[in-house]
Amino acid sequence: MDQARWRKASRSTGVNNCVEIHPDGWVRDSKDPHHRPIAVDLHALLAATRTNRLTR
């Protein structure tokens, strides 16, 4: 995967406590970027975050 295309949240505090998203539908933990990423439906993930439907 192209390393330059990973995007971190604009509200990230800079202490590696967020996820990074790749436009091809992958999510990874910013603390461990070399660990295998997870495939996701980006449209569903973004819709859930925009409407505050994510829970811990």
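Residues numbered from 1 in each chain as written. Predicted model: local features only at pLDDT ≥ 70, side-chain atom pairs only at ≥ 80, totals over all residues. Heavy atoms only, no water.

Residues of strand S2 (residues 19-22) alternate between two faces, with Glu20 and His22 buried on one and Val19 and Ile21 left unburied on the opposite face. Direction of pairing for strand S1 (residues 7-8) relative to S2: antiparallel, over a ladder of two bridges. For Lys8, the partnering residue across the bridge sits in S2 and is Glu20. Bridge analysis of S2 against strand S3 (residues 26-29) gives four bridges, and the strand direction is antiparallel. (Buried < 20%, exposed > 50% of the residue type's maximum accessible area, 1.4 Å probe, protein only. Helix = DSSP H or I, 4+ residues; strand = E, 2+ residues; numbered from the N terminus. Pairing = 2+ DSSP bridges.)

Turning next to the sheet that holds S1. The sheet built from four strands is open, its strands ordered S1-S2-S3-S4 with antiparallel pairing. Each edge of the open sheet carries a strand with a single partner, namely S1 and strand S4 (38-39).

With that settled, consider the pattern of salt bridges. Tallied over the full model, the rule gives three salt bridges. Arg5 serves as the salt-bridge partner of Asp24, at 3.8 Å between the closest nitrogen and oxygen. Note that Asp24 is positioned in the loop between S2 and S3 and Arg5 in the segment before S1, a separation of 19 residues in sequence. Since its relative accessible area comes to 36%, Arg5 is described here as partly exposed. In this structure, Lys31 and Asp29 form a salt bridge, with 3.3 Å as the shortest nitrogen-oxygen distance. (Salt bridge = Lys/Arg side-chain N within 4 Å of Asp/Glu carboxyl O.)

Everything listed here is a matter of geometry and, on its own, says nothing about what the molecule does.
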